[in-house]
Amino acid sequence: MIDLGLKQKEGLFQNTEKELLSAFYANGTGKSNKEFRFAKVDSNFVNFLPHLKDGAIKLYLYYAVVAKNNTGESWHSIDTISKKLDATARSIGNWNRQLEDLGLIFRTSNRKKSKSTFVLPLTSFAVKMSAQKIDQVLTELNLDDTNESSKVFGKFQSVTKLYVKSQAADAINEILCVHLKRISAVGTTVLNSVDTYIFDTYPTPNEDLAKKLAEHEEKRRVTIVSGEEKIVLGKKEFKAFQCFLVNVPFKVDEAAVYDIMSQLTKDNVDFSDLDKISIQNLGGKNE
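First, a word on scope: everything that follows refers to the structure included in this document. Since this is a predicted model, take the numbers as computed values, not measurements.

**Examining the packing of helix H2 (residues 54-66) against helix H3 (residues 78-85)**
H3 packs onto H2 with a crossing angle of 115 degrees between their chain directions and a minimal axis gap of 11 Å. The pairing of H2 with H3 is recorded here as roughly perpendicular in orientation. Crossing handedness for the pair H2 and H3: right-handed. Counted together, Lys58, Leu59, Tyr62 and Tyr63 of H2 and Thr80, Ile81, Lys84 and Leu85 of H3 form the full contact between these two elements.

In structure tokens form, the structure reads like this:
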């Protein structure tokens, strides 16, 4: 079709009230309005509503409004919050405990007079950090023990090694990923679960192995890799882990790692029909 560049008549509202309100909302909350400050409330919060006291809901919304958008942190004192919500300090304390017990917030002492309060994410995500920091996280928070569980950070699930063949970057990246899962429940009723994937990525150090992995013609996007004896993260060694070769068309970043790992760690995933290759047959060495 040839575009003649003809100007179109401006259409009128089909539903004046609805469309005008939509336009007001878009402009009132958009980047062009420098006066607007938004609060982040995860849509999964709706799962908690039937189990929260009315006061706890108000307190959570208060934390969401006053939290820093890039960290989810606030430092308001109990006295300040009590005045804002017109509630007693005892009530605030009770509501805080309910929010903490359900994994909605985390409160910690700092050098200030008031505690820091963090609004916790309710949606799964991946975050990149160095292997040394991953080791520090697992050690200091005691998260490398499958018998330990934290209401804030969840429970250790697994360690996975990925060889990711990125068509976009024409390279093989090696990724070490730790999977944590935080579950919020009331009795036996699960309200929400958050999968956290902490990972580090770097070029495959063995050039011969990288070349052979790149040349390997897989039938599917995922191939099981066997033959590696252990994974080393900082000072920690893991002998129970899974290893995969994954072929992706896009750049390897946090979104890509989350996309890959969220599929590999599903409870009902079936690996029985995947191809398998041995690291020794490709010229790799156990480390």
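**Let's talk about the sheet that holds strand S1 (residues 73-74)**
Here three strands make up an open sheet; going across it, the order is S1-S3-S2 and the pairing antiparallel. Edge positions in the sheet fall to S1 and strand S2 (105-108), since each of these pairs with one other strand and no more. Relative to strand S3 (residues 116-119), S1 runs antiparallel, the two being bridged by two bridges. Counterpart to Ser74 in the pairing with S3 is Thr117.

**Regarding the pattern of salt bridges**
On inspection of all chains with the given rule, the structure shows five salt bridges. Asp195 is paired through a salt bridge with Lys181; the nearest N and O atoms lie 2.8 Å apart. Placement of the pair is Asp195 in strand S8 (residues 189-203) and Lys181 in strand S7 (residues 171-186), with a sequence separation of 14 residues. Glu237 is the partner of Lys230 in a salt bridge, and the nearest nitrogen-oxygen pair spans 3.4 Å. Residue Glu237 is classed as partly exposed on the basis of its relative accessible area of 49%.

Conventions we followed
Residues numbered from 1 in each chain as written. Predicted model: local features only at pLDDT ≥ 70, side-chain atom pairs only at ≥ 80, totals over all residues. Heavy atoms only, no water. Axes fitted to C-alpha atoms, helices over the stretch in contact; angles between N-to-C directions. Helix = DSSP H or I, 4+ residues; strand = E, 2+ residues; numbered from the N terminus. Parallel < 35°, antiparallel > 145°, perpendicular 65-115°, else oblique. Left-handed = near helix turned anticlockwise from the far one by under 90°. Contact = heavy atoms within 4.5 Å. Pairing = 2+ DSSP bridges. Salt bridge = Lys/Arg side-chain N within 4 Å of Asp/Glu carboxyl O. Buried < 20%, exposed > 50% of the residue type's maximum accessible area, 1.4 Å probe, protein only.

Such coordinate-based values are descriptive only and should not be taken to indicate function.
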